[in-house]
Amino acid sequence: MALIALAASLTATIIPTLIYISALKWFERYEHEPRTLVLTVFIWGAIPAALFSLVIEILADIPLALLNDSLAAMVSASAVAPIVEEIAKGMILLVLYLFFQREFNDPIAGMLYGALVGYGFALNENLGYFLSAWANGGWGAWSAVVFFREIIFGMNHALFTSLTGLGLGLARIATPRLARIIFALFGIALAIFFHAIHNLGAMLTDSSYVTLWISFLSDWGGIAIVGGVMWLGKQLEKNWVTQELAEEVATGFITPREYVLAQSYRARLRAKLGARFKGERQTVRNIDRITPALIELAFKKYQTRVRGTDNTRGIRALRQEITGIHAGWSH
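Residues numbered from 1 in each chain as written. Predicted model: local features only at pLDDT ≥ 70, side-chain atom pairs only at ≥ 80, totals over all residues. Heavy atoms only, no water.

Peer 1: I'm lost on the pattern of salt bridges in this one. Help?
Peer 2: Side chains that differ in sign of charge can pair as their charged atoms come close. Tallied over the entire structure, the rule returns seven salt bridges. Put simply, Lys301 and Glu248 hold a salt bridge, and the shortest N to O gap is 2.5 Å. Here Glu248 lies in helix H8 (residues 212-250) and Lys301 lies in helix H11 (residues 281-307), a separation of 53 residues in the sequence. There is no split in this pair, since Lys301 and Glu248 are both buried. The closest approach of N and O atoms between Arg319 and Glu248, which form a salt bridge, is 2.7 Å. With Arg319 in helix H12 (residues 312-329) and Glu248 in helix H8, this pair connects stretches of sequence that are 71 residues apart. Given a relative accessible area of 28%, Arg319 falls into the partly exposed group. By relative accessible area, which is 2% here, Glu248 ends up buried. One continuous salt-bridge network, built from bridges that share partners, spans Glu247, Glu248, Lys301 and Arg319. (Salt bridge = Lys/Arg side-chain N within 4 Å of Asp/Glu carboxyl O. Helix = DSSP H or I, 4+ residues; strand = E, 2+ residues; numbered from the N terminus. Buried < 20%, exposed > 50% of the residue type's maximum accessible area, 1.4 Å probe, protein only.)

Peer 1: It is not clear to me how a nonpolar patch on the surface should be interpreted in this structure. Could you clarify?
Peer 2: Taken together, the side chains of Leu39, Ile43, Ile47, Leu51, Leu54 and Ile58 define a hydrophobic patch exposed on the protein surface, amounting to about 560 Å² of accessible area. Of all the elements, helix H3 (residues 48-64) adds the most residues to the nonpolar patch, at three residues. Tracing the backbone shows Leu51 in helix H3. (Patch = residues over 30% accessible without salt bridge, like charges linked within 9 Å, V, L, I, M, F, W, Y side chains within 5 Å. Areas by Shrake-Rupley, 256 points an atom, 1.4 Å probe, with all protein chains shown as cover.)

Peer 1: What exactly am I supposed to notice about helix H7 (residues 177-203) here?
Peer 2: Along an α-helix, residues three or four positions apart point the same way, because every turn accommodates 3.6 residues. Relative to the 39 Å expected for 27 residues at 1.5 Å per residue, H7 spans 39 Å between its end C-alpha atoms, a close match to the ideal helical length. Residues Gly187, Ile188, Ala191, Ile192, Phe194, His195, Ala196, His198, Asn199 and Gly201 constitute the buried set of H7. (Expected span 1.5 Å × (residues − 1).)

Peer 1: What am I meant to see in the packing of helix H6 (residues 156-173) against H7 here?
Peer 2: Following both chains from N to C, one finds H6 and H7 inclined at 170°, their axes separated by 6 Å at the closest point. Classified by the interaxial angle, the pair formed by H6 and H7 is roughly antiparallel. Along the contact surface, H6 presents Asn156, His157, Leu159, Phe160, Leu163, Thr164, Gly167, Leu168, Leu170 and Ala171, while H7 presents Arg180, Phe183, Ala184, Gly187, Ile188, Leu190, Ala191, Phe194, His195 and His198. Per-class residue counts for the contact of H6 with H7 are twelve nonpolar, seven polar and one charged. (Axes fitted to C-alpha atoms, helices over the stretch in contact; angles between N-to-C directions. Parallel < 35°, antiparallel > 145°, perpendicular 65-115°, else oblique. Contact = heavy atoms within 4.5 Å. Nonpolar A, V, L, I, M, F, W, Y, C, P; charged D, E, K, R; others polar.)

Peer 1: Got a minute to help me understand the nonpolar core in this structure?
Peer 2: Grouped burial of nonpolar side chains is what soluble globular proteins tend to show. Membership of the largest hydrophobic core comes to 32 residues, with the highest contact counts inside it found for Val41, Leu93, Phe104, Tyr113, Tyr119, Leu159 and Met230. At nine residues, the largest contribution of residues to this core is made by helix H5 (residues 107-152). When near neighbours in sequence (up to four residues on either side) are disregarded, Tyr119 contacts Thr17, Tyr20, Ile21, Leu24, Phe42, Gly154, Met155 and Ala158. If you look at the next biggest cluster of nonpolar residues, it comprises 18 residues, including Leu245, Leu318, Ile322 and Ile325. (Core = buried A, V, L, I, M, F, W, Y, C linked by side-chain atoms within 4.5 Å.)

Set out below in structure tokens:
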């Protein structure tokens, strides 16, 4: 029976996680993050961040033993856990910010990486909660915990850490050093705040289930805000691609078809599906090669024109890359 509970808990944890991560792919329409980094941040959330948090929280709970049980539990859940866990999850985002500037280059990338860390952390945490619920209350308790942690609050850790990523992403595009520091600190503070509100509402359900609405409203309100910010960011990115690549079409450097493919995820998807249906694998590979280069060219041109960033060498290298791709198609 224990093996069945383990298998059921793994399934209930993994399948929703895969669904949530797949939904994030929609926000990668214009700039795909490297798979190696995606896997790295997810694993960081699932293993190192989770283990680090567990150890520190156990140590932090020792002095709390001086308080009465209910107060100690509330302080641990609503103060210690949010601070420790968000710092643990956010450490990998700081590494990306410092050493992977090309990939961690804007708020959207920051939120995507942050959400992935959160999903990894939630996968580990949820598995423990599911097994504990089954051991203490059987399948009825197991089902209730799965429903709340995967459906109602399935995106809470992704929300929290995406706010840390948002702060670092804003720091990436800010110019004054003080502004970068303020954005980064504000992001982690928001993550801790929303995490604390969620935990506090959940803890107070011992007195009244009405307090669960505190967690529900804060989580889904935050998700709506983050989702709106990411959607607006993608609209801006589409405008950048449209504006910056228009010149490339006018000069004949790229074709009108390539221009459309760079602007539209749906156009790329239709073109690739059509090519696969016809057995034109090389066309699919060509689309996969040319599109990221064109989008990155548009972003670098925008940064140069609007933000004053010196991307001359990067733009030149991208033009050479695109020219090389065009040359390869003719052979």
